[in-house]
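Structure at a glance
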Amino acid sequence: MFRTLAKHVKNYKLASVLTPLFMVLEVIFETIIPLCMGWIVKYGIEGNDGAGDMDYILKMGGIMTVLVILAFISGILGAAFGSIASCGLGKNLRKDMYSNIQSFSFSNIDKFSTSGLITRLTTDVTNVQNAYQMLLRMAFRAPVSMIFALVMSFLVSVKIALIYLAAVIFLGIGLSIIMINARKYFSRVFEKYDDLNETIQENVNAIRVVKAFVREDYESEELKKAAGNIYKMFVKAENVVIWNSPLMQFTMFGTMLLISWVGAHLVVSHELDTGDLLTLFTYCLNILGNLMMLSFVFVMLTLSAASGRRIAEVLDEKTELENPPEPVYDVKDGSVEFKNVNFSYKKGTGKNVLNNINLNIKSGETIGIIGGTGSAKSSLVSLINRLYDVNEGEVLVGGLNVKEYDMESLRNQVSVVLQKNVLFAGSVLDNLRWGNPDATEEECIEACKLACADDFISAFPEGYNTKIEQGGTNVSGGQKQRICIARALLKKPKILIFDDSTSAVDTATDARIRKSLKEAIPGTTRFIIAQRISSVQDADRIIVMENGEVNGFGTHDELLANNAIYKEVFESQTGANADFDESKGGAN
Ligand SMILES: Nc1ncnc2c1ncn2[C@@H]1O[C@H](COP(=O)(O)OP(=O)(O)OP(=O)(O)O)[C@@H](O)[C@H]1O
Ligand SMILES: [Mg+2]
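Structure report, in brief. The structure presented is a predicted model; accordingly, all values stated were derived computationally and were not measured.

For the rest of this paragraph, the subject is the overall build of the chain. Each helix and strand counted, the chain has 21 helices and 12 strands in total. Whereas a compact globule of 588 residues would reach a radius of gyration of roughly 25 Å, the chain reaches 36 Å, over 25% beyond that. Across its three principal axes, the chain shows a C-alpha extent of roughly 120 × 50 × 45 Å.

As a further point, take the nonpolar core. Within the largest apolar cluster, 69 residues are counted, with the highest numbers of intra-cluster contacts made by Ala451, Ala486 and Ile497. Per element, the largest residue contribution to this core is six residues, and it comes from helix H17 (residues 477-489). Residue contacts for Ala486: discarding those within four places in its chain leaves Leu432, Ala447, Cys448, Ala451 and Ala453. Counting residues in hydrophobic clusters, the runner-up holds 52 residues, among them Leu89, Met146, Cys284 and Leu294.

Pairing is mixed across the open sheet formed by six strands, whose spatial order is E6-E9-E10-E3-E11-E12. Looking at the sheet topology across the chains shown, the edges are occupied by strand E6 (414-417) and strand E12 (549-554). Neighbour-to-neighbour, the strand axes of the sheet open up by a mean angle of 15°, direction not taken into account.

Looking now at unusual backbone geometry. A positive phi angle, close to 45°, is found at Asn356, a residue other than glycine. Topologically, Asn356 is positioned in strand E2 (residues 354-361). Under the C-beta neighbour-count criterion, Asn356 is labelled partly exposed, with 14 such atoms within 10 Å.

A word on the environment of Glu469. Within the element layout of this structure, Glu469 appears in the loop between strand E8 (467-468) and H17. In contact with Glu469, not counting residues within four places along its chain, are Ala425 and Asn474.

This brings us to the site of ligand 1. Residues in contact with ligand 1 amount to 13 residues; listed here are only the nearest, Tyr345, Thr373, Lys377, Ser378 and Ser379. Among the elements that make up the shell around ligand 1, the one with the highest residue count is helix H12 (residues 377-382) (three residues). Taken together, the residues of the shell around ligand 1 sort by class into three nonpolar, seven polar and three charged.

For strand E1 (residues 336-343) and strand E4 (residues 392-397), the ladder comprises five bridges, and the chain directions are antiparallel. When the bridges of E4 are listed, Val336 appears paired with Val397. Looking at chain direction, E4 and strand E5 (residues 400-401) are connected through two bridges and run antiparallel. Note on E5: the bridge partner recorded for Leu396 is Asn401. The antiparallel pairing of E4 with E5 creates a hairpin that spans two residues between the two strands, and Gly398 there sits at a positive phi of about 60°.

Calculation rules
- Residues numbered from 1 in each chain as written.
- Chains lettered and ligands numbered in written order.
- Predicted model: local features only at pLDDT ≥ 70, side-chain atom pairs only at ≥ 80, totals over all residues.
- Helix = DSSP H or I, 4+ residues; strand = E, 2+ residues; numbered from the N terminus.
- Rg over C-alpha atoms; globule rule 2.2 N^0.38 Å.
- Core = buried A, V, L, I, M, F, W, Y, C linked by C-beta atoms within 7 Å.
- Buried ≥ 20, exposed ≤ 12 C-beta atoms within 10 Å, placed from the backbone.
- Contact = placed C-beta atoms within 7 Å.
- Pairing = 2+ DSSP bridges.
- Axes fitted to C-alpha atoms, helices over the stretch in contact; angles between N-to-C directions.
- Near = placed C-beta within 6 Å.
- Nonpolar A, V, L, I, M, F, W, Y, C, P; charged D, E, K, R; others polar.

If you want it as structure tokens, here you go:
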């Protein structure tokens, strides 16, 4: 994990080295200052046989002023480089995670939840960033400062330095106990945060569903519970951490008392002078303060370790679909062939979603696909533009295995209107140009006419420049589907796949779309997945899917004659309780 994260420091390596360097410089200057102070008392005030030496005091004062300024500048530079390095790391992590997510195949995406990815990109990166800054600034500074001060104290007076050493050990053990306990609670708090994020993300995203099912109270209650859990854990953690302060105070004042006592004896017996005692007092505060700081760095690091691990997971995830070394860029025609295809979403877990599929589809054919929910219709077509790879067998497009194509070229030639489709925030035109960024306005309008979307778009006050809200919430379900169809048409593909893409469109408009497509792009192979027989019955051939297998494949008449499932669906939809929305007419 650390290696993965460290790789992303990249162009901020220099800042990452300069930070601890300046911090250590600051420590060096700061450590000399108490020594000067001691000397001023010793040689300046008490020197010259008690008469004092003003020149010496002024000289030392001058040196101390310079030291203070140098320490100040080093501190500022250290802090500045620390911020540059840590914010830079944060930026790199976000950028690299994001671009890696973009390269994910569908099966990679299946592994992470959306809210999980968002938490990783936001909170987790912030945690790691803060920890990195702390690490650069304190992890070197504190120990160096402590050791420096300790060595200096030993040089001044071994006896008193020994008191420090004892205090350091005592405080070290105490803080370790506190921190180990606190860490336990804090890491639980972070887990609970994940839960909270997930709840909020899911519910805010699906707020309309929450409202439709009148689940607001229930959801608020859930949130209160999640927030309450975090509160409880935090209180527990803080209850442990709170001991830090008294422990620190106890050690500090205890040490001072001891130093004063021992020091006073030593001064009286002329083993030590007042100046040295003053120096030692300053070091005492220095050493103990740094120890406290170190304990915080330790907590911070252990806490952010979980975040780091979660970030590394995303960064280390390798896309499961790779372009071949010598990809083919051109798709010859729109023929599609499935040869003994087996497929499962989680490879090696036994159950196949698609079993032994053999299909041969000529370029330009219109293929209807019908079958119950979960019969693997969407899974079948997702193999044609290589959203997923088969487990066994081959899928051929234009006579070549899909794995031999450049993925981008293949997906430009095989255009899918996904079942779970989305529009993005932006104008209608922006959304259409997802299909083809270079499309002119005329081409966009042309595509919309084919998809029967031109009527309602032109009726909007701002026409094609109407703003679509994020997720397409300000257009109706059927309108959204038609914009999505137009978007797919703009790719001018050789193969066009509609996955339940007209389910929200009334049957009359549905028929009009099919008719206009048939006339406008006759050479394009079309796959139409639908629940309604009327959407597929005039296709050249129809695939009947059942439990991941092809149950029947033929024309409407053939299937009606010899496929039980098809016949049953047909009768249920054309019988007494048939297609009730037929009468609703075209407008919507
Ligand atoms: N991303 C996925 N990860 C794991 N399993 C999946 C995934 N997508 C679909 N499945 C499973 O694969 C099976 C086939 O699903 P598929 O979406 O292909 O059905 P479908 O025929 O398109 O259904 P519907 O008519 O409801 O759209 C289902 O059992 C489903 O649970
Ligand atoms: Mg489906």
